[in-house]
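# Residue-level structure breakdown
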Amino acid sequence: MKWHNNIIYNCKKATFLIDKKNLEGISPLQRIELRLHLAGCSVCRLYYSQSRRIDQMLRGFYPTRIKPENGLDEAFKKGLQENIAKEIKKSGA
Amino acid sequence: MAKKESINPGQWVAAYADYLYAFALKRLQDPELCKDLVQDTFVSAIHNLQNYKSSSSEKTWLTAILKNKITDIFRRKASETPLHWLLSGEDNTHAFFEENGHWKDKHAPRIWETEEADPLENEELKEILERCMEKLPPLWAVVVSMKYLDEEKSDHICKELSLSPSNYWVIIHRAKLSLRACLEKNWLKG
């Protein structure tokens, strides 16, 4: 049973599988390998929970410093409106 | 008979400019570029009114045009990141791991001591994460953005950016390792 020796002691491979699993799933064999690794590795268990938390944050990600409500100013919109009027004329629409 | 949705370019700025701007900003984080894109979107739309299908709403149609423009920018950014150093054999995560696959001591995850339910802490973490995103190489940031913000399928992202699936997963993993490390460093420092 050499196949599991590799992953049991290999955090590099385990973390790769964690990120893949959390995003899209891994094969049944890989799931077993990962479970074996996590059973004995508290550091990667920590990585697992932090990786999931980062995923959650990324999904709800919104730039906080540039809020859309203080986004486009009126002067820009006015210019935009004028440009569009010109384009409409040009296109004959 | 279903009423044909009318199209009215004269009203677009008032009706959709803010929405489109926010949509672009969420993906590109560059206000000037995003303003240009909003304008480009309207101009393209006006010159392609004949392609508008009344089965979709004006808003959906304009958003699709904008999205294509954003994807073009993503592709360009992706092509600016050299792949070879990222994907040189097995060594692409050597910064974090020892030869034998163990975590390097100084890169091993540490406990963050945060309460997931605490909205204030979450806001603070998100702000740090946002700054960490800006430090990622462009290609990684693009992949992360397409996957998490647009929730695109992985094979679609590979196709759009001309990436092999294995390169794609290496990028996702490298980006996650980097984001986690950056987040931890800045969080525990505070």
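Residues numbered from 1 in each chain as written. Chains lettered and ligands numbered in written order. Predicted model: local features only at pLDDT ≥ 70, side-chain atom pairs only at ≥ 80, totals over all residues. Heavy atoms only, no water.

## Describing the side chain of Arg53 of chain A
What counts, and what does not: Going along the chain from the N terminus, every DSSP run of H or I of four or more residues is numbered as a helix, and every run of E of two or more is numbered as a strand. Here a polar contact means two N or O atoms within 3.5 Å. Within protein one must be a hydrogen donor candidate and the other an acceptor candidate, and residues neighboring in sequence count only if both atoms are side-chain atoms.
Among the structural elements, Arg53 of chain A can be located in helix α4 (residues 42–59). Separated by 2.4 Å, the side chains of Arg53 of chain A and Thr114 of chain B make a polar contact.

## Section: helix α5 (residues 138–149) of chain B
All names here are of chain B. Stated precisely, the cut-off is as follows: A helix's residues, less one, multiplied by 1.5 Å, set its expected span. Burial here depends on accessible area, computed with a 1.4 Å probe over protein chains only, as a share of the maximum for the residue type. Under 20% is buried, over 50% is exposed, and the range in between is partly exposed.
Helix length check: α5 (twelve residues) gives 15 Å between terminal C-alpha atoms against 16 Å at 1.5 Å per residue, within 8%. Counting buried residues in α5 gives eleven out of twelve residues, a clear majority hidden from the surface. When we look at burial in α5, the residues that qualify are Leu139, Trp140, Ala141, Val142, Val143, Val144, Ser145, Met146, Lys147, Tyr148 and Leu149. Directly after α5, the chain includes Glu151, whose backbone phi takes a positive value near 50°.

## Some details on the interface of chain A and chain B
Applied cut-off: Contacts are assigned to residue pairs that have any heavy atoms within 4.5 Å of one another. In short, buried area is how much 1.4 Å probe accessible area vanishes from two parts on joining, totalled over both. The term salt bridge refers to a side-chain nitrogen of Lys or Arg lying within 4 Å of a carboxyl oxygen of Asp or Glu.
Each partner contributes to the interface: chain A provides 44 residues, whereas chain B provides 60 residues. When the two sides are added together, the surface that chain A and chain B hide from each other amounts to roughly 5,100 Å², 68% of it contributed by carbon and sulfur. Three residues, Lys12, Arg53 and Phe61 of chain A, lead the burial of chain A against chain B; their summed loss comes to 15% of the area buried on that side. Taken together, chain A and chain B are joined by five salt bridges. The interface formed by chain A and chain B holds 18 residue pairs in polar contact (both at pLDDT 80 or more) in total. Looking at the side of chain A that touches chain B, the elements with two or more residues in it are α2 (11–24), α4 and α5 (74–91) of chain A. Among the elements that line the side of chain A that touches chain B, the one with the most residues is α4 of chain A, at 13 residues.

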